[in-house]
Each structure stands twice: as C-alpha cells, then as structure tokens.
Amino acid sequence: MAIIYDAVLNPSKIDLLASWLPAQPWFPHIGEQSTDEGEPLTLEPIGAYRFDDPTGDVGMEVHLLRLDDGTILQVPLTYRGAPLDDAEPWLAGTMEHSVLGKRWVYDACGDPVFAVALATAILQGGTEAEQFLDKDGTLEPLERSVTVRGSGTPGTEVPQITTAVPATLGAVTTITAGLLALSLYRIPVADEPGTHGNTLAGTWGGHAPVVLASIP
C-alpha cells in the first residue's frame, strides 16, 4: 500500500524533472534544457505507478511522461528522508514536502530498494501498489492511472539484493543487482511474447500493453 499525502512540494515533481531530465544520457534530446524561445522543457504527465517499501522508509514512483514529439519516457524515482550512501551520481535533486520535510529524490535505477521491488514484481507476477491519499489522517483510495504486472509466478525466489549499479546504453538502463541484471526501458517497447524473458508489462488509458522492464 502506497500512501500519498495531501501536500505541497517545492519544487514540484514536474519542475524538478524538467531541469534534471535533459542532462541524462538516455534522454532523447541530450543537452536541450529549453525550447528555442527559452521556455522550460514541456512534459505531459501520462500517469504513474508505485511499488511499496515494506519498511515504509522509501517512496517509489515511476512516471510516464510524453514529450512534445510524442516520445513516451519512463522515469522511476525514489524519495528518501535522508541521503542514500554512495548514490550522489543518481541524485535528481531535493524538494521540500510540506508534510514529510526535505526529501532526496533519486533515479530509482541506482536505489537497491527499487531494485528489490522491481525484481520481485517481475519474478513473482506482482502488480503496482494500491494508492491511498492521506487527508488529515483519513485514507481515501486513489484510482491507479497506470497498471503493471510481472510475468513470473507467485512464490518464485528472489535473490538477495543489497546494491543497484545502473549502466545505460541507448534508452535501456541495465541494473546490476546482486545475481540479477534488470533491464529498464526508458522508452517502453512493444510487448512481444518470448522476446524479453521475464517482464513487467504496463498499460494506461486504453493503451496497448508495453514492456517496461525485464530480466533476460
């Protein structure tokens, strides 16, 4: 279960992403941080899905965003109440959360908590977390804008993961996580059975299923 607070964020998630994304090696328009008119990068939110951290310490949210040219990007983030050791290269920025205070925002591909959640969903046929809005202590269920499901089987053993080391080639980031290599598709790809191994597939708003991540 993921709990979302009725809070004010400074900067907003979209503003943080608009400043951080263009410098990433997998971003389709490398180095373009603004339009010709000097306007900031335009990002259209499509939706997001979340995984649950059993300890409740780390927020995990994967954003689907559309660029002006129609390209759809998948951007996984983790939110932490303190810096993650040795993860400075994956820090997207910080924000002030009106309920939780200062939050450190990371590219989730460099966060072992996300690697565990992603591997578990893929291997055990898991789904996104249920989401609830906390309004003055009352939890209200939220409609999920993106649904995902792993292709694996419940009860499958997930190897121990304590580190996550990402490396990107093109639009695919490979996360070395213990004995596993997880592939996260920054630009989701067509869901063609038998071509990606075990997968996490997702859909939204009537869109045909796409592959978001896989374990070859």
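You'll find the structure just up there.
Source: prediction; values computed, not measured.

Asks: Outline the overall build of the chain, supporting the account with residue identities and numerical values.
Replies: Scanning the chain from terminus to terminus reveals two helices and 15 strands. The C-alpha atoms of the chain give a radius of gyration of 17 Å, which matches the 17 Å a tight globule of 216 residues would have. Projected onto the principal axes, the alpha-carbon positions of the chain cover approximately 45 × 45 × 40 Å. In the chain, once contacts between residues fewer than 6 apart in sequence are set aside, the share between residues at least 24 apart is 58%. Of the roughly 10,600 Å² that the chain leaves accessible, carbon and sulfur atoms contribute 51%. With 10 positive and 28 negative side-chain charges, the chain shows a separation of 5 Å between the mean positions of the two kinds.

Asks: Mind laying out the pattern of salt bridges, listing which residues take part and the relevant values?
Replies: For the coordinates displayed, the defined rule picks out six salt bridges. For Lys13, the salt bridge is made with Glu61, and the minimal N-O distance between the two is 2.7 Å. One end of the pair, Lys13, is in helix α1 (residues 13-20); the other, Glu61, is in strand β4 (residues 59-66), with 48 residues separating them in the sequence. For the salt bridge of Glu128 with Arg144, the shortest nitrogen-to-oxygen distance reads 3.3 Å. Of the two residues, Glu128 is situated in the loop between α2 (112-124) and β8 (131-135) and Arg144 in the loop between β9 (138-141) and β10 (147-150); the sequence distance between them amounts to 16 residues. Bridged by salt links that share partners, the residues Lys13, Arg50 and Glu61 form one connected network.

Asks: Outline the sheet that holds β10, listing residues and values.
Replies: In space, the six strands of this open sheet follow the order β10-β14-β15-β13-β12-β11, with antiparallel pairing throughout. The open sheet has two free edges, formed respectively by β10 and β11 (165-169), since each of these has just one partner strand. Sheet twist, expressed as the mean angle between neighbouring strand axes with direction ignored, is 20°. The sheet strands contacting α2 are β10, β12 (172-177), β13 (180-190), β14 (198-203) and β15 (210-215), and the helix crosses β13 at an angle near 75°.

Asks: Can you explain the packing of aromatic side chains? Please cite residues and give values.
Replies: Going through the model one piece at a time under the given rule, you end up with three aromatic pairs. On the numbers, 6.1 Å between centres and 70° between planes, the contact of Trp20 with Trp26 is edge-to-face. For the pair Trp20 and Trp26, one class covers both residues: buried. Here the aromatic rings of Tyr49 and Phe51 are separated by 5.7 Å at their centres, their planes lie at 80°, and the arrangement is edge-to-face. Across the pair, Phe51 and Tyr49 agree in class, each one buried. Here the aromatic residues Tyr49, Phe51 and Phe114 are joined through ring pairs into a cluster of three or more.

Asks: Outline the pairing of β13, listing residues and values.
Replies: The side chains of a regular strand alternate between the sheet's two faces. For β12 and β13, the ladder comprises six bridges, and the chain directions are antiparallel. Bridge pairing in β13 places Thr176 opposite Ala181. In sequence, β12 turns back onto β13 through a hairpin of two residues, with Gly178 there showing a positive phi of about 60°. Across four bridges, the pairing between β13 and β15 is antiparallel. Paired with Ala190 across the two strands is Val210, which belongs to β15.

Asks: Would you mind going over a nonpolar patch on the surface in detail, with residue names and values included?
Replies: A surface patch of nonpolar side chains, amounting to about 480 Å² of accessible area, comprises Met1, Ile3, Tyr5, Val99, Leu100 and Leu139. Here Ile3 falls in the partly exposed class, since its relative accessible area comes to 35%.

What counts and how
Residues numbered from 1 in each chain as written. Predicted model: local features only at pLDDT ≥ 70, side-chain atom pairs only at ≥ 80, totals over all residues. Heavy atoms only, no water. Helix = DSSP H or I, 4+ residues; strand = E, 2+ residues; numbered from the N terminus. Rg over C-alpha atoms; globule rule 2.2 N^0.38 Å. Contact = heavy atoms within 4.5 Å. Areas by Shrake-Rupley, 256 points an atom, 1.4 Å probe, with all protein chains shown as cover. Lys, Arg positive; Asp, Glu negative; His and termini not counted. Charge placed at Lys NZ, Arg CZ, Asp CG, Glu CD. Salt bridge = Lys/Arg side-chain N within 4 Å of Asp/Glu carboxyl O. Pairing = 2+ DSSP bridges. Axes fitted to C-alpha atoms, helices over the stretch in contact; angles between N-to-C directions. Phe/Tyr/Trp six-rings, centres within 6.5 Å; stacked < 30°, edge-to-face > 60°. Buried < 20%, exposed > 50% of the residue type's maximum accessible area, 1.4 Å probe, protein only. Patch = residues over 30% accessible without salt bridge, like charges linked within 9 Å, V, L, I, M, F, W, Y side chains within 5 Å.

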